Amino acid sequence: MSDHIKTEQAGGVLTVTFARADKKNAITQDMYAALAEATERARNDDAVRVLLFRAEGDAFSAGNDIGDFIALASQGQGAMDMPVFRFLKSLADLDKPAVAAVRGRAVGIGLTLLLNCDMVVVAEDALLSAPFINLALAPEAASSLLLPAALGHQRAFEIFALGEPIDGRTALAWGIANRAVSADQVETTAMELATKLAARAPNSLRKTKRLMRDGERLWALMQKEGEAFGSQMTSPEAMEAFMAFTQKRAPDFSKVG
Ligand code: COA
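Residues numbered from 1 in each chain as written. Predicted model: local features only at pLDDT ≥ 70, side-chain atom pairs only at ≥ 80, totals over all residues. Heavy atoms only, no water.

Caption draft 1: Just the overall build of the chain, in detail. Looking only at helices and strands, the chain has eleven helices and nine strands in total. Computed over C-alpha atoms, the radius of gyration of the chain comes to 17 Å, within 12% of the 18 Å expected from 2.2 N^0.38 for 257 residues, which places it in the range of a compact globule. Seen through its C-alpha atoms, the chain measures out along the principal axes to roughly 55 × 35 × 35 Å. Among the 257 residues that make up the chain, the fraction classed as buried is 51%. (Helix = DSSP H or I, 4+ residues; strand = E, 2+ residues; numbered from the N terminus. Rg over C-alpha atoms; globule rule 2.2 N^0.38 Å. Buried < 20%, exposed > 50% of the residue type's maximum accessible area, 1.4 Å probe, protein only.)

The structure is reproduced here in structure tokens:
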């Protein structure tokens, strides 16, 4: 287990909290393992009707921990060996509703996780981004399918290629959030939705979700994305991007062939 992921169950809702506020809830390998465990538990435990993701601090998540990327790339460990893939598989397999409560930044998997949720509540001033290309990486979590399916190719491409954030109001207007509310209302609104879902007929909900989301197809795509992600992760251009982040400077891709 990771100290940076907390779980709490009440009234059929399993709440999973990102608890690494000092690092903007950047997600480490230990955290992915704990997230996978919680998501698998949500699927298998009859007492859990709904999974709710939320975060401590002022950011939902700054995405994958970049220090972990550097360590994994220098060990030459392929992306598919990382605990993140156990978490992604558990998300693809999850046939119970997942809800997210998003305040502040949601970067990388902080955004692509939302595409794998069923109901998303964002703060109006939340900032959502998927700057994989800024880090010389590739989309993950089936976002190469789910984001263009929700936004259309051009908007999705811009989000990936330019890596600039959209705010919560835009996320609502573009169909990747159910509610955009003031930041202080996010948690209550998300819990109200989760509680409503937890009272619905559980098998009917599961069958509905399974009809709407093809988990096997999503998992197959996650693995394909993982190949592109993994080969990019050990590339010179990614190393330049990771080093630029740690040195708090802009990456220079001009010399990368
Ligand atoms: N991995 C590792 N550490 C991270 C991190 C990440 N993804 N995101 C933030 N942190 C750390 C910072 O290094 C900093 O640590 P320090 O206090 O030891 O210097 C701390 O969290 C606070 O971050 P900071 O950048 O000072 O906060 P900010 O409010 O100015 O900016 C973000 C917040 C999220 C915009 C910015 O941190 C950021 O761009 N992070 C990287 C996001 C990213 O590219 N994620 C990967 C996507 S695939």
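Caption draft 2: Molecular detail of the layout of surface pockets. Reported here for the largest pocket is a volume of approximately 790 Å³. The wall of the largest pocket is formed by 35 residues, among which A62, N64, I66, L135 and F245 lie closest to the centre. At the level of secondary structure, the elements contributing two or more residues to the lining of the largest pocket comprise α2 (66-75), α3 (83-93) and α11 (236-246). When residues in the lining of the largest pocket are grouped by element, the largest group, four residues, is from α11. Class assignment for the residues of the lining of the largest pocket results in 21 nonpolar, eight polar and six charged. When its volume is computed, the second largest pocket comes out at roughly 650 Å³. L115, C117, D118, M212 and R213 are, among the 24 residues lining the second largest pocket, the residues nearest its centre. At the level of secondary structure, the elements contributing two or more residues to the lining of the second largest pocket comprise α4 (109-115), β6 (119-123), α5 (143-151), α9 (202-212) and α10 (215-233). The residue makeup of the lining of the second largest pocket, split by class, is 16 nonpolar, three polar and five charged. (1 Å grid on protein atoms, 1.4 Å probe; cavity = no way out; pocket = protein on both sides within 12 Å on 5 of 7 lines; lining within 4 Å. Points joined across faces, edges and corners; volume = space filled by probe spheres on them. Nonpolar A, V, L, I, M, F, W, Y, C, P; charged D, E, K, R; others polar.)

Caption draft 3: Broad picture of the environment of A33. With respect to the helices and strands, the residue A33 is situated in helix α1 (residues 29-44). Overall, A33 belongs to the partly exposed group, its relative accessible area being 25%. Separated by 28 residues in the primary sequence, A33 and I5 place their C-alpha atoms 9.6 Å from one another. When residues no more than four places from it in sequence are discounted, the contact partners of A33 are P83 and R86. (Contact = heavy atoms within 4.5 Å.)

Caption draft 4: Here's a closer look at the packing of α5 against α10. Two elements in contact, α5 and α10, have axes separated by 9 Å at closest approach and are oriented at 115 degrees. Counted together, S143, S144, L145 and L146 of α5 and R217, L218, L221 and E225 of α10 form the full contact between these two elements. Residue composition of the contact of α5 with α10, grouped by class: four nonpolar, two polar and two charged. (Axes fitted to C-alpha atoms, helices over the stretch in contact; angles between N-to-C directions.)

Caption draft 5: Inspection of the sheet that holds strand β8 (residues 166-167) at higher detail. Spatially, the three strands line up as an open sheet ordered β5-β7-β8, and their pairing is mixed. Because the sheet does not close on itself, it has two edges, and the strands there are β5 (105-107) and β8. In this sheet, β8 lies alongside strand β7 (residues 127-129) in antiparallel orientation, the contact comprising two bridges. Each residue of the ladder has a partner; that of L128, found in β8, is I166. (Pairing = 2+ DSSP bridges.)

Caption draft 6: Structural detail: the site of the ligand. Near the ligand lie 15 residues; those nearest to it are K23, A62, N64, I66 and K248. Here a nitrogen atom of the ligand and a backbone polar atom of I66 are 2.8 Å apart. Between the ligand and K248 there is a distance of 3.3 Å, counted from an oxygen atom to a side-chain nitrogen or oxygen. Coverage of the ligand by the protein amounts to 66% of the 870 Å² it exposes when considered alone. In this structure, the ligand is accommodated by the largest pocket. (Near = heavy atom within 4 Å. Polar contact = N/O pair within 3.5 Å; in protein donor to acceptor, adjacent residues only side chain to side chain. Areas by Shrake-Rupley, 256 points an atom, 1.4 Å probe, with all protein chains shown as cover. Sits in = over half its atoms within 2 Å of the grid points.)

Caption draft 7: Structural context of the pattern of salt bridges. Under the counting rule described, the total for this entry stands at 14 salt bridges. The partner of E187 in a salt bridge is R103, with the nearest N and O atoms 3.4 Å apart. With E187 in helix α8 (residues 186-199) and R103 in the loop between β4 (98-102) and β5, this pair connects stretches of sequence that are 84 residues apart. Using a relative accessible area of 24% as the deciding quantity, one classes E187 as partly exposed. (Salt bridge = Lys/Arg side-chain N within 4 Å of Asp/Glu carboxyl O.)

Caption draft 8: Representation of the side chain of E225 within the structure. Residue position: E225 is located in helix α10. No salt bridge is formed by the buried E225; the nearest opposite charge belongs to K224, separated by 8.8 Å. The contact partners of E225, leaving out residues within four places of it in the chain, are P139, E140, A141, A142, S143, S144 and L145. (Lys, Arg positive; Asp, Glu negative; His and termini not counted.)

Caption draft 9: Region of interest: the nonpolar core. Core analysis: the largest hydrophobic core is formed by 85 residues, its most contacted members being F53, V102 and L128. The biggest single contributor to this core is α1, with seven residues. Discounting chain neighbours no more than four positions away, the residues touching L128 are V102, A106, L111, L114, E164, P165, I166, A171 and I176. (Core = buried A, V, L, I, M, F, W, Y, C linked by side-chain atoms within 4.5 Å.)

Read these as spatial facts, not as claims about activity.
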